[in-house]
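Residue-level structure breakdown
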Amino acid sequence: MGLDMYLYAKKVVETKVIDEAKWLTSTTYVEEGLGYWRKFNALHGFIVFNYANGEDDCNPVWLREENIEEIISTLKAIKEDNSRAMKLMRPYHGFFFGSYDIDEWYFKNIEASIPIFENALSRCKEEDIFYGASW
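**Some points on empty space enclosed by the protein**
For the structure on display, the rule yields one cavity of 30 Å³ or more. In this model, the largest cavity occupies a volume close to 30 Å³. If you go around the largest cavity, the residues you meet are Phe40, Asn41, Ala42, Ser99, Asp101, Trp105 and Tyr106. Mapped onto the lining of the largest cavity, the elements with two or more residues apiece are helix H1 (41-51) and helix H4 (104-123). For the lining of the largest cavity, the class distribution of residues is four nonpolar, two polar and one charged.

Pasting the structure below:
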């Protein structure tokens, strides 16, 4: 129970026309998990407020290339200067969302997230990148 967060790539592998007159098609996708976080509420809040119009409703959020670049830039800025954490990516409150402290665990999540988003950035021209969360 609590905040579970996912980053995944989704790619169309096949589209079939079922009924051309009615514009009905069947599309097959392949999804690959790129990252998983448990209760990293600051990242969740950052994505919700910046790329989901503040709507925290468990729906997937499509991240464009410039969104991923901004996330990486923010994570690196916090890693380089920990005092900027509260301004750039503050903890986000929610039911069973984990600790709201900016502590060692927070900074470990910041550091671990950078290569995950760098990998996503390298793939976003060929695949759609989505962020999802559930609680």
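**Observations concerning the side chain of Arg123**
Looking at the element boundaries, Arg123 is found in helix H4. On the basis of relative accessible area, Arg123 is assigned to the buried category, the value being 17%. Those residues in contact with Arg123 that lie beyond four places of it in its chain are Ala9, Glu32 and Leu34.

**What to know about helix H2 (residues 65-80)**
Between its first and last C-alpha, H2 extends 23 Å over 16 residues, near the 22 Å set by a 1.5 Å rise per residue. Asn67, Ile68, Ile71, Ile72, Thr74, Leu75, Ala77 and Ile78 are the residues of H2 that are buried.

**Looking at H4**
Look at H4: 30 Å from first C-alpha to last across 20 residues, which is about the 28 Å you get at 1.5 Å a residue. At Ser113, H4 is bent by approximately 25°, the largest bend along its length, and proline Pro115 sits one to four residues beyond. Within H4 the residues assigned to the buried category are Tyr106, Asn109, Ile110, Ser113, Ile114, Ile116, Phe117, Ala120 and Arg123. Sitting at the amino-terminal end of H4 is Asp103, which places a side-chain oxygen 3.2 Å from the backbone nitrogen of Trp105.

About the criteria used
- Residues numbered from 1 in each chain as written.
- Predicted model: local features only at pLDDT ≥ 70, side-chain atom pairs only at ≥ 80, totals over all residues.
- Heavy atoms only, no water.
- 1 Å grid on protein atoms, 1.4 Å probe; cavity = no way out; pocket = protein on both sides within 12 Å on 5 of 7 lines; lining within 4 Å.
- Points joined across faces, edges and corners; volume = space filled by probe spheres on them.
- Helix = DSSP H or I, 4+ residues; strand = E, 2+ residues; numbered from the N terminus.
- Nonpolar A, V, L, I, M, F, W, Y, C, P; charged D, E, K, R; others polar.
- Buried < 20%, exposed > 50% of the residue type's maximum accessible area, 1.4 Å probe, protein only.
- Contact = heavy atoms within 4.5 Å.
- Expected span 1.5 Å × (residues − 1).
- Bend = angle between axes of the 7 residues up to and from the residue.
- Polar contact = N/O pair within 3.5 Å; in protein donor to acceptor, adjacent residues only side chain to side chain.

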